[in-house]
Amino acid sequence: MADRLNILGFAGSLRQGSLNRALLRAAQALAPEGMAIAVFDLRAVPLYDGDVEAEGDPEGVAAFKRAIAEADGVIMVTPEYNHGVPGVMKNAVDWASRPPRGAPLDGKPVGLIGASPGMTGSARGQSQLRQAFEFTNSPCMAQPELLVARAHEKFDAEGRLTDETTAKYLVRWLEAFAAFVRRQAAAGVAS
Ligand code: FNR
């Protein structure tokens, strides 16, 4: 691992005005010294289909998997749909869990954050997504958590984070994630 941490981030919402995409942009802007966050747009990733995969990963999937493989760690920013993880996010994780040996998520440090207009701030979506990392063998940072509740009140009309408390917690979370990724690399867990 180079001194500089190259992190890949993606949000599990496709819409332009997404609060979760806005949260990811805020993370990019607030990344600590020595960490760069590149964003992958999941619009490029089609629905998982084993027949398509057998013919070779579509271009968007290949680019997505390559970006994860080349990153020191991954930040997933998930909404919550019906008390669970949205299909867009789960689908992306499913592609990145393939092939079973040598998958880009195998051993890859993961951090989860998320936002919702509701009071629980994506808690159940994050919790459910966490379970997937048992199978993908991805070390996922347990603490601190970052749940942005009432998120529609925390960003302006252009999707800029305006809530200072959330910004402070996001900075702390990013610093903790940087330390987590470095610990994983030092322990030889990261690929
Ligand atoms: C939601 N929403 C939602 N919110 C929540 O806190 N818990 C939930 O279970 C659900 N369920 C749910 C289902 C579906 C199908 C939709 C479309 C929405 C509201 C959701 O958090 C809100 O639309 C967010 O703004 C979605 O995230 P983005 O697109 O803003 O990133």
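One structure accompanies this document, and this report is about it. Source: prediction; values computed, not measured.

Conventions used here
Residues numbered from 1 in each chain as written. Predicted model: local features only at pLDDT ≥ 70, side-chain atom pairs only at ≥ 80, totals over all residues. Heavy atoms only, no water. Pairing = 2+ DSSP bridges. Helix = DSSP H or I, 4+ residues; strand = E, 2+ residues; numbered from the N terminus. Contact = heavy atoms within 4.5 Å. Axes fitted to C-alpha atoms, helices over the stretch in contact; angles between N-to-C directions. Buried < 20%, exposed > 50% of the residue type's maximum accessible area, 1.4 Å probe, protein only. Phe/Tyr/Trp six-rings, centres within 6.5 Å; stacked < 30°, edge-to-face > 60°.

### A word on the sheet that holds strand β1 (residues 5-11)
Right, so step 1: Taken in spatial order, the 5 strands line up as β2-β1-β3-β4-β5 in an open sheet, and their pairing is parallel. Of all strands in the sheet, those with a lone pairing partner are β2 (35-39) and β5 (147-148), marking the two edges.
Right, so step 2: Here strand β4 (residues 110-115) runs beside β5; their pairing, made up of 2 bridges, is parallel. Across the sheet, Gly114 pairs through a bridge with Leu147, a residue of β5.
Right, so step 3: Packing against the sheet, helix α6 (residues 164-186) makes contact with β1, β2, β3 (73-77), β4 and β5, and its axis sits at approximately 165 degrees to β4.

### Side note on the environment of Val88
Right, so step 1: Structurally, the position occupied by Val88 is in helix α4 (residues 87-96).
Right, so step 2: Judged by relative accessible area, which is 29%, Val88 ranks as partly exposed.
Right, so step 3: For the pair Val88 and Gly12, spaced 76 residues apart in the sequence, the C-alpha separation amounts to 5.4 Å.
Right, so step 4: Leaving out residues up to four positions away in the same chain, Val88 has contacts with Gly12, Ser13, Leu14 and Leu42.

### Comments concerning the packing of aromatic side chains
Right, so step 1: Under the criterion given, the structure shown has 5 aromatic pairs.
Right, so step 2: Relative to Trp95, the ring of Tyr48 lies with its centre 4.8 Å away and its plane at 70 degrees, an arrangement referred to as edge-to-face. Taken as a pair, Tyr48 in the loop between β2 and α2 (50-55) and Trp95 in helix α4 lie far apart in primary sequence, 47 residues in all.
Right, so step 3: According to the relative accessible area criterion, Tyr48 is partly exposed, its value standing at 31%.
Right, so step 4: When its relative accessible area of 0% is taken as the criterion, Trp95 is described as buried.
Right, so step 5: With a centroid separation of 6.2 Å and 25 degrees between ring planes, the pair formed by Phe177 and Phe180 is classed as stacked. One end of the pair is Phe177 and the other is Phe180, both in helix α6 and 3 residues apart, which spans about a single turn. Each of the two residues, Phe177 as well as Phe180, counts as buried.

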